[in-house]
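# Survey of secondary and tertiary structure
Each chain is listed here by its residues.
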Amino acid sequence: MMNTKPETNNSKKSDKLRPYGGYFTNVVPEHDPELTETGPGTPMGEYMRTFWHPVCMSMELTDTPRFIKILGEELVVFRDKSGRVGVLHAHCVHRGASLEYGSIQEKGIKCCYHGMVFDVDGTCLHVPYPSGEEKEAEKFACSIQQGAYKAFERHGLVFAYMGHPDKEPPFPEWEENFTVMEGDELVPYSNFQHCNWLQVQDNAADNYHPTALHAKRNVVNGHYQGTTFDEVGAASMEVGPDMQFIPVQGGRSLACAGARRVDGEKLFIRVQHQVLPNLSLHAYTSEDGSKRKHFSRFHIVRWTVPVDDENSKMIGWRVMGPGIDTRGVGDKSLVGYETIDFLEGQVAMRRNERFGDYALEDLPPIPANHRERDCYKAAQYAPGDYEAIISQRPIAVHQLENPTKFDAGLYLFRKLLRDAVRGKNPAATAEGFKTWLEEYGGNPHSYCSGNVLEVPEADEPEEEVARRRHVAKTVVGIITDSDGYQGDERAEYVRRRMDELETHYK
C-alpha cells in the first residue's frame, strides 16, 4: 500500500527528537537489498556463491535424504551407500517431485515418482523404460542433468560450493585445517536463526554487547540461565572493551581487537577475526584473565549461512578440550544440532524447564498448557543473542539505526562487504580471493587470538586509554608481522614479540 503520509513529517530532525514524537518516526523504510538479499542473481547472492559454505551437519545425513534451503535454493543433501555426499536441487528435473522422498542408492539417489537415478554430480544414471527400449532410455538420460553442487565432509560438517564450476576456489584451510592443540577437537554445531544473515554476522562484529546482554546484573530478578551469565568470558567480559577495528589481509577481513582491563597489572586483549563474506573466528569466550597468556587460538569457528532472506544458520565448530578451555567450563554434550553449551539464548529453542536455580513453577503464575508462553517469559527475563538479533525485524532496516562509537566494527565490515560486491576492492572480489588462497596454498593465517598481558595500569585515565589502544594495535601489528612464518615458528615469533611488549611497559 502506498504511503500517503506527508514527507515533511519524517524529514525534520527537530520533529524526530520531540517527546512523544512517535508519529514522526512511524514509517519503516525498506531494507538494504545489496547486502541482505542472497538469492540467485542478486549482487550478494552471486558474491557468496563464489565461496565454500557449510550447509548442514554430517549427523543430519541418515538413510533418508535431507531437505535444506541455502541461499534461497531448495536442495537435498544425502550420503549414498558408497559414502559420497550429494547436494542436488530438490526438485527432480523430470517432473519436479522432491528428491527428499527419494531412495538412496549404492551410487546416487532414485526419485520416488518415476524411478530415475541421479549421481552426486547430477548425471542421470538410470531411466526406467520398458524392456527392449534401453537405447531410448540411454538417449533420454543423456539429455537431462539434475542440478548439483560439489560437496565434501570435514569434522562433522558438510561443505558445498554453489558457484560457477569454472571459478571454484580452494577450500580455505585456515591455519592448516583449523589446527587445534593436542587433546582438543573441533566439535560441529548448527543453530537456526529466524532472521536475515547479516544481522547475525553483525552480532559477531559487535564486541560491546556482552557487557550488557551477557551480564548477570542485567537479568530481571535473578531469573538467569546458569550456563550463560557471568560465565561467558567471566567477569573480564563484563568490562566495556576499548575496541580497535583494523582492516587486514588487503581488506578481505577485519581484525577486531578489544582491550579490557582485568586488574591493575593485567590487560586482556581479545582479537576476533571477521572474514568476508560470512566467516568469524573467535578467541576463548570464557577468559577470566587470571593467568598470563600469549596467542591462544580458536575457540569458535563459525559461518553465518543464509537460508533465505529472512532465515539463516550459525554453523561451524566449537573447539573443545583443555588446551583452549583453560577453565574447563565447556560441555561437549551440549554442542550439536540446535544446541550450544555457552548460551541457551543463542538458539531458538529454550531446551529445558529450568533457568539457573529457578524452575518454571517459581516464575509468576501463567495459565496451564502455555508452555510456549512459559519459554517466552523466561526469554524476557534473560534474553540472549537469539532474542536480540531476531527482534531487529526479519530483515534489519539499516536506515533506522543510530550507531555509536562502539558499533564501528560492524559498519566497517559492511563497508568491506559492499566494496567487495561492487568490485571497488579487487583484492576482495571472488577472483582476488581465489588468487590469494592459491598463493597461500589454501592455508591462510588467522588473526584470532586471546592474550592476557602483564601490562600495568597507567596513573592517569587519559594515559590508560592511550595505553590500552596502543597495546591492542601493537598486538594486531605483531600478528601481521608474523605472516611470513608458519606453524610453531609463527607462534614462537608472536609470543616473543608479546614478551617484548610487556617488557616495554614494565
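Residues numbered from 1 in each chain as written. Predicted model: local features only at pLDDT ≥ 70, side-chain atom pairs only at ≥ 80, totals over all residues. Heavy atoms only, no water.

We now examine the overall build of the chain. When helices and strands are tallied, the chain shows 13 helices and 21 strands. Split into buried and exposed, the 506 residues of the chain put 54% on the buried side. Contacts spanning at least 24 positions in sequence make up 65% of the contacts within the chain whose residues lie at least 6 apart. Only carbon and sulfur atoms are counted for the fraction: they give 51% of the accessible area of the chain, which is about 23100 Å². (Helix = DSSP H or I, 4+ residues; strand = E, 2+ residues; numbered from the N terminus. Buried < 20%, exposed > 50% of the residue type's maximum accessible area, 1.4 Å probe, protein only. Contact = heavy atoms within 4.5 Å. Areas by Shrake-Rupley, 256 points an atom, 1.4 Å probe, with all protein chains shown as cover.)

Let us look at the packing of helix H6 (residues 197–205) against helix H10 (residues 408–422). At a minimum axis distance of 8 Å, the contact between H6 and H10 shows a crossing angle of 130°. Classed by the angle they form, the pair H6 and H10 counts as oblique. Crossing hand, H6 versus H10: right-handed. Here Trp197, Leu198, Gln201, Asp202 and Ala205 of H6 come into contact with H10, specifically with Gly409, Leu410, Phe413, Arg414 and Leu417. Here the residues of the contact of H6 with H10 are counted per class, giving 6 nonpolar, 2 polar and 2 charged. (Axes fitted to C-alpha atoms, helices over the stretch in contact; angles between N-to-C directions. Parallel < 35°, antiparallel > 145°, perpendicular 65-115°, else oblique. Left-handed = near helix turned anticlockwise from the far one by under 90°. Nonpolar A, V, L, I, M, F, W, Y, C, P; charged D, E, K, R; others polar.)

Overall, antiparallel pairing links the 4 strands, which are arranged S5-S6-S7-S8 in an open sheet. Looking at the sheet topology across the chains shown, the edges are occupied by strand S5 (103–104) and strand S8 (124–126). (Pairing = 2+ DSSP bridges.)

This part is about helix H11 (residues 430–439). By the burial criterion, the buried members of H11 are Ala430, Gly432, Phe433, Trp436 and Leu437. Across the axial projection of H11, the buried residues extend over an arc of 160°, all falling on one side. Following H11 by one or two positions, glycine 441 has its phi on the positive side, about 65°. (Arc of directions from axis to C-beta.)

Residues Glu133, Glu134, Glu136 and Glu138 make up a contiguous surface patch of negative charge. Mapped onto the fold, glutamate 138 is located in helix H4 (residues 134–142). (Patch = residues over 30% accessible without salt bridge, like charges linked within 9 Å, V, L, I, M, F, W, Y side chains within 5 Å. Salt bridge = Lys/Arg side-chain N within 4 Å of Asp/Glu carboxyl O. Lys, Arg positive; Asp, Glu negative; His and termini not counted. Charge placed at Lys NZ, Arg CZ, Asp CG, Glu CD.)

Attention now goes to the packing of aromatic side chains. Using the criterion set out here, one finds 17 aromatic pairs in the structure. With 6.4 Å between their ring centres and 85° between their planes, tryptophan 52 and phenylalanine 171 make a pair best called edge-to-face. Taken together, the residues tryptophan 52 in strand S1 (residues 52–57) and phenylalanine 171 in the loop between strand S10 (157–161) and helix H5 (175–178) connect sequence positions 119 residues apart. Both rings, one in phenylalanine 433 and one in tryptophan 436, keep their centres 5.9 Å apart while their planes meet at 80°; by these two values the pair is edge-to-face. On the criterion of helical spacing, the pair formed by phenylalanine 433 and tryptophan 436 is a turn pair, its members being 3 residues apart in helix H11. This pair shows no difference in class: phenylalanine 433 is buried, exactly as tryptophan 436 is. Sitting over the ring of phenylalanine 295, arginine 297 keeps its end group 4.1 Å from the ring centre. For the cation-ring pair, arginine 297 lies above phenylalanine 298, with the distance from its terminal atom to the ring centre recorded as 5.4 Å. (Phe/Tyr/Trp six-rings, centres within 6.5 Å; stacked < 30°, edge-to-face > 60°. Lys NZ or Arg CZ within 6 Å of the ring centre and 35° of its normal.)

Moving on: the nonpolar core. Soluble globular proteins tend to pack their nonpolar side chains together in the buried interior. Grouped together as the largest cluster of nonpolar side chains are 59 residues, with contacts concentrated most on Tyr47, Phe178, Leu276, Trp303 and Leu417. With near-sequence residues (within four places) excluded, leucine 417 lies in contact with Leu35, Met44, Tyr47, Trp197, Leu198, Leu276 and Pro277. If you look at the next biggest cluster of nonpolar residues, it comprises 23 residues, including Ala259, Val271, Ala472 and Met498. (Core = buried A, V, L, I, M, F, W, Y, C linked by side-chain atoms within 4.5 Å.)

In this section: the pattern of salt bridges. Pairing between side chains becomes possible if they bear opposite charge and their charged atoms approach one another. Within the structure shown, the criterion is met by 35 salt bridges. Measuring nitrogen to oxygen at the nearest pair gives 3.1 Å for the salt bridge that ties arginine 490 to glutamate 175. With arginine 490 in helix H13 (residues 487–505) and glutamate 175 in helix H5, this pair connects stretches of sequence that are 315 residues apart. Among the residues examined, glutamate 175 registers a relative accessible area of 12% and is labelled buried. Arginine 414 serves as the salt-bridge partner of glutamate 401, at 3.0 Å between the closest nitrogen and oxygen. Of this pair, glutamate 401 sits in the loop between helix H9 (385–390) and H10 while arginine 414 sits in helix H10, and the two are 13 residues apart along the sequence. Taking relative accessible area as the criterion, glutamate 401 reaches 25% and is therefore assigned partly exposed. Judged by its relative accessible area of 6%, arginine 414 is buried.

This brings us to the environment of threonine 304. Mapping threonine 304 onto the fold places it in strand S17 (residues 300–308). A sequence separation of 113 residues divides threonine 304 from asparagine 191, and the C-alpha atoms of the two residues are 9.7 Å apart. Look past the residues within four positions of threonine 304 in its chain and what remains in contact with it is Trp197, Val200, Gln201, Asn278 and Lys313.

The terminal C-alpha atoms of helix H12 (residues 461–481) lie 30 Å apart, and with 21 residues this matches the ideal 30 Å at 1.5 Å per residue to within 8%. Taken together, the buried positions of H12 are occupied by Glu464, Arg467, Arg468, Val471, Ala472, Val475, Val476, Ile478 and Ile479. For H12, the buried positions fall inside an angular range of 160° around the axis, keeping them on one side. Against the buried residues of H12 lie strand S12 (242–248), strand S13 (253–261), strand S14 (267–275), strand S16 (293–296), strand S21 (449–453) and H13. (Expected span 1.5 Å × (residues − 1).)

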